[in-house]
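One letter stands for each residue in the lines below.
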Amino acid sequence: MNYLTCPIFGGQFSGAAIETLQALPQADRRLKALVQHVETLKQLKDYQGKVQEFVDAGNPAAYRRARALMEAVACGQRVTPTLSAPEVNGWLEELRAIETHRELVEKWGTFAQNLHPLLYRYQTAYEALHAERQAAYAAVKAELDALAIPTETLADRLCAGPVTWGAGGLTCPDCGTALETLYYQIQSAAQEKGRLIQEARGKRQDAEGTGQEAGGAEEFVVVYLHEVIATREIADDAALAQAIEELRDAIQAELKTGKKVVLA
Ligand SMILES: [Zn+2]
């Protein structure tokens, strides 16, 4: 890798001097141009020394981890308010500005300073979602276990943690779930529960012929909140009472038939 021509380095050099020299085929014309650009080339030589120090310190690898973090935070901002806080945007802006101006070598200290709180904030947000997913799916599993419904398919969403972070780690090494995916899995816990219940009902009906007629009265029925509660926005006690009334009606109708109700 030629660090001097890499887009992330050498902001103060346009690269024009080098390109001019490289473009000249004849040695004498090259020499003439070299004399014209001698000051720039001297600076470039100093800069090359700084770049070498930068490379020897292992900073290019740290920079690659930083890039991955910046992208992960940008994705996470779509689902986690804590990653959209003003200070997070401030850190990101500072990091991006240093990149845009190709000042990584010159401003690596500032870059690293902004990186630390960003990584900490990201990992804290990740750990919270990781724990939230565990709680959500452990609850789903407990309910399904009580109904003797298989829960093997939930295994990849059950990861108790705690998350052990490697250098620049962005996902849990045990489940490898991306932060955004954690969020969407949490959102779909109730749906997943409903799906497994329906699937189990279907299998039981198949096994028992036509279900109730064959003597296999169903023990439970799934009541979907979004289907039975028509009230969508609750801004006061009256609307709350209305929503509860709708839910009560739906549940009581099922209870009258002797079934147990599972909410989803
Ligand atoms: Zn995990």
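As the structure is a computational prediction, the values presented were derived from the model and not from experiment.

(A) Broad picture of the overall build of the protein. When helices and strands are counted, the protein shows 10 helices and two strands. Mapped in sequence order, the helices and strands of the protein form the string α-α-α-α-α-α-α-α-β-α-α-β. With 264 residues in all, the protein has 16% of them scored as buried.

(B) Region of the structure containing the nonpolar core. Leu-69, Val-73, Leu-118 and Tyr-122 are the most contacted members of the largest nonpolar core, which totals 23 residues. Secondary structure elements with two or more residues in this core: helix 4 (59-76), helix 5 (86-100), helix 6 (108-146) and helix 7 (179-187). For this core, the leading source of residues is helix 6, giving eight residues. Discounting chain neighbours no more than four positions away, the residues touching Tyr-122 are Leu-69, Ala-72, Val-73, Gly-76 and Leu-83.

(C) Focus on the packing of helix 4 against helix 6. Axis separation between helix 4 and helix 6 bottoms out at 10 Å; the angle between their running directions is 45 degrees. In terms of orientation, helix 4 and helix 6 fall into the oblique class. Crossing handedness for the pair helix 4 and helix 6: left-handed. Between helix 4, through Asn-59, Ala-66, Leu-69, Ala-72, Val-73 and Gly-76, and helix 6, the contact on the second element is made entirely by Trp-108, Leu-115, Leu-118, Leu-119, Tyr-122 and Ala-125. A breakdown of the residues in the contact of helix 4 with helix 6 according to their chemical character gives 10 nonpolar, two polar and no charged.

(D) Local environment of the packing of helix 6 against helix 8 (residues 189-207). For the pair helix 6 and helix 8, interaxial distance at closest approach is 10 Å and the crossing angle is 20 degrees. Taken together, the axes of helix 6 and helix 8 lie roughly parallel to each other. Once helix 6 is placed against helix 8, the crossing between them reads as right-handed. Across from Ala-136, Tyr-137, Val-140, Glu-143 and Leu-144 in helix 6, the residues of helix 8 making contact are Ala-189, Glu-192, Lys-193 and Leu-196. Of the residues in the contact of helix 6 with helix 8, the class split is six nonpolar, no polar and three charged.

(E) Seen up close, the environment of Leu-69. Positionally, Leu-69 belongs in helix 4. For Leu-69, a count of 20 C-beta atoms within 10 Å corresponds to the buried category. Sequence separation between Leu-69 and Tyr-122 is 53 residues, and the spatial gap between their C-alpha atoms is 8.2 Å. Residues within four places of Leu-69 in sequence aside, it is in contact with Leu-118, Leu-119, Tyr-122, Gly-168 and Leu-170.

(F) Main features of unusual backbone geometry. Going from Gly-161 to Pro-162, the amide bond is cis rather than trans, its omega being 5 degrees. As for its position among the elements, Pro-162 is in the loop between helix 6 and helix 7. For Arg-102, which is not a glycine, the phi torsion comes out positive at approximately 50 degrees. Position of Arg-102 among the secondary structure elements: in the loop between helix 5 and helix 6. Of note in this structure, Ala-148 is not a glycine but carries a positive phi near 60 degrees. Considering the arrangement of structural elements, one finds Ala-148 in the loop between helix 6 and helix 7. Of the residues examined, Ala-148 has 9 C-beta atoms within 10 Å and is grouped as exposed.

(G) Spotlight on the environment of Leu-118. Here Leu-118 lies in helix 6. Distance from Leu-118 to Asn-89, taken between C-alpha atoms, is 9.4 Å for residues 29 residues apart in sequence.

(H) Spotlight on helix 6. The end-to-end C-alpha distance of helix 6, which contains 39 residues, comes to 56 Å, matching closely the 57 Å that a straight helix rising 1.5 Å per residue would cover. Remark: Ala-148 follows helix 6 within two positions and exhibits a positive phi of approximately 60 degrees.

(I) The arrangement of the confidence of the model for the protein in detail. The share of residues in the protein with pLDDT of 70 or more is 88%, and the mean pLDDT across the chain is 83. When mean pLDDT is taken per element in the protein, helix 7 scores highest with 95 and helix 1 (residues 16-23) scores lowest with 66. A low-confidence stretch, residues 211-216 (pLDDT under 50), is modelled with nine contacts involving residues beyond four sequence positions or located in other chains.

Here is what the cut-offs are and how they apply
- Residues numbered from 1 in each chain as written.
- Predicted model: local features only at pLDDT ≥ 70, side-chain atom pairs only at ≥ 80, totals over all residues.
- Helix = DSSP H or I, 4+ residues; strand = E, 2+ residues; numbered from the N terminus.
- Buried ≥ 20, exposed ≤ 12 C-beta atoms within 10 Å, placed from the backbone.
- Core = buried A, V, L, I, M, F, W, Y, C linked by C-beta atoms within 7 Å.
- Contact = placed C-beta atoms within 7 Å.
- Axes fitted to C-alpha atoms, helices over the stretch in contact; angles between N-to-C directions.
- Parallel < 35°, antiparallel > 145°, perpendicular 65-115°, else oblique.
- Left-handed = near helix turned anticlockwise from the far one by under 90°.
- Nonpolar A, V, L, I, M, F, W, Y, C, P; charged D, E, K, R; others polar.
- Expected span 1.5 Å × (residues − 1).
- pLDDT = per-residue confidence, 0-100.

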